[in-house]
Amino acid sequence: MNPADFPQNASSNRSTPTANHDDSYQNLSVGLISMRGFPYSIEENYRRLESYVHEAANRGAKLVVAPEYVLDGGSCCHPTSRRDMLSIAQRIPDGPYLVRAASMCRQLNIHLIFGFIEHVDQHPRQPRLRNSCVMISPQGTIIARYSKVFPQSEHWIDAGRNM
């Protein structure tokens, strides 16, 4: 949209930006990864993801975003058994692939967002699975997480609780 398309009110009392605003994100370089993971091939998928993240960081990206299920290849859409899905699901914050991703973020000094099947231990006898993603900081800490609230045809995936 062009600002000239909006009528200007000469009597409006608009404030101008001050020197106090944060300019650090005005030139944020974002790397978007488009890849389809292979169901249940979590190590192979992680290695491919890692390669793409390194490429994006080498091109100057400070935020890298990968698709949902990038780690497990959408295994819930190709279910063999709930037990198989639990075997590849990651616990937040200490799942082995989350720990590896955190290390990579520290090494490359980037933020990373990626999706996976989450193993949730709310009920010890019946652990839950969620379609989740995390945002990892350049310090290697998880600073945000989201679990899909309305999973559709995803076998054994429970809904997240918050939008």
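You'll find the structure just up there.
No experiment lies behind these values; they were computed from the predicted model shown.

(A) Structural detail: the environment of His-111. Its place among the elements puts His-111 in strand E3 (residues 111-120). Taking the C-alpha atoms as reference points, His-111 and Leu-63, 48 residues apart in sequence, are found 4.6 Å from one another. Beyond its immediate chain neighbours, meaning those up to four positions away, His-111 contacts Lys-62, Leu-63, Val-64, Met-135, Ile-136, Ser-137, Pro-138 and Ile-143.

(B) Region of interest: the nonpolar core. Ranked by internal contacts, the top residues of the largest apolar core, which has 28 residues, are Leu-49, Val-53, Val-64, Ile-110, Leu-112 and Phe-114. The leading source of residues in this core is helix H3 (residues 96-108), at 7 residues. Contact partners of Phe-114, with chain neighbours within four places excluded, come to Leu-49, Ala-66, Pro-67, Val-70, Leu-71, Leu-98, Ala-101, Ser-132, Cys-133, Val-134 and Ile-136. The next biggest cluster of nonpolar side chains, apart from the first, holds 7 residues, and it includes Cys-76, Met-85, Ala-89 and Ile-117.

(C) Summary view of the sheet that holds strand E1 (residues 30-32). A sheet is described by the order of its strands in space; here 5 strands give the open sequence E1-E2-E3-E4-E5, paired in mixed fashion. Whereas interior strands pair on both sides, the edge strands pair on one side only; in this sheet they are E1 and strand E5 (142-147). Direction aside, neighbouring strands of the sheet carry axes that sit 30 degrees apart on average. Relative to strand E2 (residues 63-65), E1 runs parallel, the two sharing 3 bridges. Bridge pairing links Val-30 to Leu-63 in E2.

So, how was this worked out
- Along each chain, the written sequence defines residue order, and numbers are assigned to residues from 1.
- With pLDDT at 70 or above as the cut-off, local features in this predicted model cover only qualifying residues; side-chain atom pairs require 80 or more to be listed or tallied, and sums for whole chains, interfaces and linings still use all residues.
- Computation of side-chain values: all heavy atoms of the structure, hydrogens and water removed.
- Only runs of H or I of at least four residues qualify as helices and only runs of E of at least two qualify as strands under DSSP, and these elements are numbered from the N terminus.
- Working rule for contacts: check all heavy atoms of both residues, and any pair within 4.5 Å makes them a contact.
- Put simply, buried Ala, Val, Leu, Ile, Met, Phe, Trp, Tyr and Cys residues joined by side-chain atoms within 4.5 Å make one nonpolar core.
- Classification of residues uses two cut-offs on accessible area relative to the type maximum, computed with a 1.4 Å probe and protein chains only: under 20% is buried, over 50% is exposed, and between them is partly exposed.
- In this description, strands pair whenever DSSP reports at least two bridges between them.
- Helix axes use the C-alpha atoms of the stretch in contact, all axes being lines fitted to C-alpha atoms, and the angles between their N-to-C directions lie in the range 0 to 180 degrees.

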